[in-house]
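Single-letter residue listing:
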Amino acid sequence: MKAIQLKEYGGPDVLKLVEMDVPEPRGHEVLIQIRSIGVNYADTARREGQYVVKTPLPFIPGAEVAGVVKAVGEKADIVPGTRVVALIESGGYSEFAIADSRGLIPIPEGLDFHEAAALPLQGLSAYHILKTMGRLQKGENVLVHAAAGGVGTLAVQLARIFGAGKIIATASSEQKLRLAGDMGADVLVDYTESGWEEKVREATEGKGADLALEMAGGEVFAKTMKCLAPFGRVVVYGVASGEQYRMYPSSLMARNQSVIGFFLPQIMKMPELLHTSMKELLGYLAEGKLKLTVGGIYPLEEAPFVHEQMQGRKTSGKLILTP
């Protein structure tokens, strides 16, 4: 089978197309013939050796796949031929991948492989950042950074579904801001312009955001803290800029603010919570309350180009690779 592998950490050029044997499923495992692969910022962090947990080399990126079950282990309770979507630890950038049958999610009728691959990782992230970690309450103002990205477009929509007050979206271009507006954002802010944090405060009549979704790090994180309301929460789910910001915990005391970390694999260790939220998301999708935004579909061998475009903030919506 063909796969994209990295043998050293670095830029997009370390992603190489290789040939390797198709793996065999054992126990509760299944072999999935992949039709669609979701691309995520976590993949770029893996490639750079900057992920939350250690990335062993050589490594095949890719945690989000949709396809067809081709073979099953002796303990797997699923029928070959079933269309499924899966979140896996690694191995997604390939023609075939191994997944645990107990974590598979059948793809509902009427949903294609690209739509299925576009939902789980970023949909579950947006859901749990807002609801589980961010504890969003009805009427609260929400600040969504990178609102034209995969998590961002879903977070804007889910914030509306969950009853948020004012939804403030930031992005780096007029086109991306229009997309965020189409998703339901009330206020659009270009965070490449100086003083954007003041625009957030103005939009909330000086109060600031009650909940902020932050994945850039560095200066963006610092300015986000400046436009956070009393009792406000910032949920950190990435460091796309690669820049850390030094913060003193005592600075949170005066306004009763919180900084919360989010890492989806911890949610994945709680099957009941995972499956309940996934069913809720699929329900929103079936009812037309949630729209998926696929920003581009590319051949597997173009993975280096896709990483370069995504990190250069030249993309919007969910990016898909196809074997």
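The structure displayed is predicted, hence computed values, not measured ones.

A few words on the sheet that holds strand β12 (residues 228–236). Strand pairing in a sheet takes place through backbone hydrogen bonds and is either antiparallel or parallel in direction. Strand order across the open sheet formed by 6 strands is β10-β9-β8-β11-β12-β13, with parallel pairing between neighbours. Of all the strands in the sheet, the pair left with one neighbour each is β10 (187–190) and β13 (258–261). Direction aside, the axes of adjacent strands within the sheet are offset by 20° on average. Pairing between strand β11 (residues 209–214) and β12: 5 bridges, direction parallel. Paired with L211 across the bridge in β12 is R233.

Glancing now at the nonpolar core. Generally speaking, nonpolar side chains in soluble globular proteins are found buried as a group. The biggest cluster of nonpolar side chains holds 52 residues, and the ones touching the most others in it are L130, L158, L281 and L290. Each of domain 1 (1–119 + 283–319) and domain 2 (133–260) accounts for three or more of the residues forming this core. In this structure L130 touches R135, L136, V142, A155, L158, A159, F162, L211 and L213, once residues within four positions along its chain are discounted. In terms of nonpolar packing, the next biggest core, distinct from the first, is built from 31 residues, I4, V14, V39 and V84 among them.

On to the packing of helix α3 (residues 120–133) against helix α4 (residues 150–161). A pair of packed helices is characterised by two quantities: the angle between their axes and the separation of those axes. Contact pair α3 / α4: the axes reach a minimum separation of 8 Å and the direction vectors enclose 50°. Viewed along their axes, α3 and α4 adopt a mutual orientation that is oblique. The two elements α3 and α4 cross, and the hand of that crossing is right-handed. Of α4, the residues touching α3 (which contributes Q122, G123, S125, A126, Y127 and L130) are G150, V151, L154, A155, L158 and A159. Classifying every residue of the contact of α3 with α4 gives 8 nonpolar, 4 polar and no charged.

Here is what the cut-offs are and how they apply
- Each chain has its residues counted from 1, following the order in which its sequence is written.
- The model is predicted, so local features are restricted to residues of pLDDT at least 70 and side-chain atom pairs to those at 80 or more, both for listing and for counting; the totals for chains, interfaces and linings are taken over all residues.
- Where side-chain values are given, they derive from all heavy atoms of the structure, hydrogens and water being excluded.
- Between any two strands, pairing holds if DSSP finds at least two bridges.
- In DSSP terms, a helix is any run of H or I states spanning at least four residues, a strand is any run of E spanning at least two, and both are numbered starting from the N terminus.
- Angular values range over 0 to 180 degrees, each being the angle between N-to-C directions of two axes fitted as lines to C-alpha atoms, with helices fitted over their stretch in contact.
- Only buried Ala, Val, Leu, Ile, Met, Phe, Trp, Tyr and Cys residues count toward a nonpolar core, and they belong to the same one when joined by side-chain atoms within 4.5 Å.
- The buried label goes to any residue with under 20% of its type's maximum accessible area, the exposed label to any with over 50%, and the partly exposed label to all in between, with areas taken from a 1.4 Å probe on protein chains only.
- A domain assignment, automatic or from a database, supplies the domain bounds used here.
- Residue contacts follow a heavy-atom distance rule, with two residues in contact if any of their heavy atoms lie within 4.5 Å.
- Note on terminology: angles under 35 degrees are roughly parallel, angles over 145 are roughly antiparallel, angles of 65 to 115 are roughly perpendicular, and the others are oblique.
- For any pair of crossing helices, the crossing counts as left-handed if the nearer helix is rotated counterclockwise from the farther one by less than a right angle, and right-handed if it is rotated clockwise.
- Only Asp, Glu, Lys and Arg are considered charged, only Ala, Val, Leu, Ile, Met, Phe, Trp, Tyr, Cys and Pro nonpolar, and every remaining residue, Gly among them, polar.

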